[in-house]
Amino acid sequence: MEKIEQILPEKIEERSFEIITKELEEQGIFLKEKEAPVIKRCIHTSADFDYAKNLVFSETAVDRGLEAIRQGASIVTDTQMARAGINRKKLEAYGGKVYCFMSDEDVAMMAKRNGTTRAVASMDKASSLPEKLIFAIGNAPTALLRLDQLIREGKVAPELVIGAPVGFVNVIPAKERILTLTDTPYIVAGGRKGGSNIAACICNALLYLL
């Protein structure tokens, strides 16, 4: 049996990151300076070291995300779980809000009228917001596909797209489309992995860098 460490509650997270850093080094993985805090927080959230290899960052993603938050950008997500997990107090200190429209009555009506998922309708609603936006998608590939379409049609111009839907149906194709965007910064969890918790923790990783 492994030895039990005696650690003060306020030191647990710090110790966790020390273990993550050590294990990455033991695997011969040395992360880029700007990407490291995001990747390590995903590992911390999930205990899954695959995120050291499958998170894909566009060249300016971290810098663009940080600058957007500083300028008061809001975050749009596709689940109430992700919304609850994002540090709203820290985001609001810069003037931003966290939105999730999935439970809105008008979104449900729009989805029924158009024969789409609520996730698609929520992206349509978000595209009309008159503010800088970061999109953090952790559940619905249909949300990411619709967001990609809206970007290509010039109907929305996100400051950053966090693409981390989890699952099996259309998850990989949705992520691959985001990876082909040339003028939109992105952080994408490759393959089938992701989730609302990962989308939220990427947002938090950026917030904690400020």
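What counts as what
Residue positions are given per chain, counting from 1 as you read along its sequence in written order. Since the coordinates come from a predicted model, pLDDT governs what is reported: local features require at least 70, and pairs of side-chain atoms require 80 or more to be given and counted, while whole-chain, interface and lining totals use all residues. Each side-chain value is worked out from all heavy atoms of the structure, with water and hydrogens disregarded. A side-chain nitrogen of Lys or Arg and a carboxyl oxygen of Asp or Glu constitute a salt bridge if their distance falls within 4 Å. To qualify as a helix, a DSSP run of H or I must reach at least 4 residues; to qualify as a strand, a run of E must reach at least 2; elements of each kind are numbered from the N terminus. In this scheme, a residue with accessible area under 20% of its type's maximum is buried, one over 50% is exposed, and one in between is partly exposed, where area comes from a 1.4 Å probe on protein chains only. Each direction from the helix axis to a C-beta atom contributes to the arc, which is the arc of those directions. Whether two residues touch is decided by their heavy atoms; if any such pair falls within 4.5 Å, the residues are in contact. Side-chain atoms within 4.5 Å link the members of a nonpolar core, which is a set of buried Ala, Val, Leu, Ile, Met, Phe, Trp, Tyr and Cys residues. In this analysis, strands are considered paired if DSSP registers two or more bridges between them. Each axis is a line fitted through C-alpha atoms, and for a helix only the stretch in contact is used; angles between axes span 0 to 180 degrees, taken between their N-to-C directions.

**A few points about the pattern of salt bridges**
Next up, step 1: In this structure the tally under the stated criterion is 14 salt bridges.
Next up, step 2: With its nearest N and O atoms 2.5 Å apart, the salt bridge here joins K22 to E26. Remark: E26 and K22 occur in helix 1 (residues 12-26); sequence separation between them is four residues, near one turn of the helix.
Next up, step 3: For K22, a relative accessible area of 49% translates into the label partly exposed.
Next up, step 4: Judged by relative accessible area, E26 falls into the exposed class, the value being 57%.
Next up, step 5: Each of E5, R15 and E18 takes part in one network of salt bridges that share partners.

**Looking at helix 4 (residues 61-70)**
Counting along an α-helix, one turn takes 3.6 residues, and residues three or four places apart therefore face a common direction.
Next up, step 1: All buried positions along helix 4 are accounted for by A61, V62, G65, L66, A68 and I69. The buried residues of helix 4 all sit within an arc of 160° when viewed along its axis, so they share a single face.
Next up, step 2: Looking at the packing, one finds that the buried side of helix 4 touches strand 1 (55-57), helix 6 (88-92), strand 4 (133-137), strand 5 (160-163), strand 6 (186-189) and helix 11 (196-208).
Next up, step 3: Phi turns positive one or two residues past the end of helix 4, at G72, with a value near 90°.

**With respect to the nonpolar core**
Nonpolar side chains in soluble globular proteins generally cluster together in the buried interior.
Next up, step 1: Counting 37 residues, the largest nonpolar core has L55 and I202 as its most contacted members.
Next up, step 2: When residues in this core are grouped by element, the largest group, nine residues, is from helix 11.
Next up, step 3: Residues Y99, A140, L144 and V156 belong to the second largest nonpolar core, which totals 29 residues.

**As for the side chain of T184**
Next up, step 1: Its place among the elements puts T184 in the loop between helix 10 (171-179) and strand 6.
Next up, step 2: With sequence-adjacent residues up to four places away left out, T184 is seen in contact with I151, P158 and V161.

**Quick notes on the sheet that holds strand 1**
Next up, step 1: Taken together, the six strands give an open sheet; going across it, the order is 1-6-5-4-2-3, and neighbouring strands pair in mixed fashion. The sheet terminates laterally at strand 1 and strand 3 (98-99), the two strands that pair on one side only.
Next up, step 2: Summarising the sheet, strand 4 and strand 5 pair through four bridges and their orientation is parallel. Along strand 5, the bridge assignment pairs F135 with V161.
Next up, step 3: In the packing of helix 4 onto the sheet, contacts are made with strand 1, strand 4, strand 5 and strand 6, and the angle to strand 4 comes to roughly 120°.
Next up, step 4: Against the sheet, helix 10 engages strand 1, strand 5 and strand 6, with an angle of about 155° to strand 6.

Honestly, that's just the spatial picture; any functional story needs more than this.
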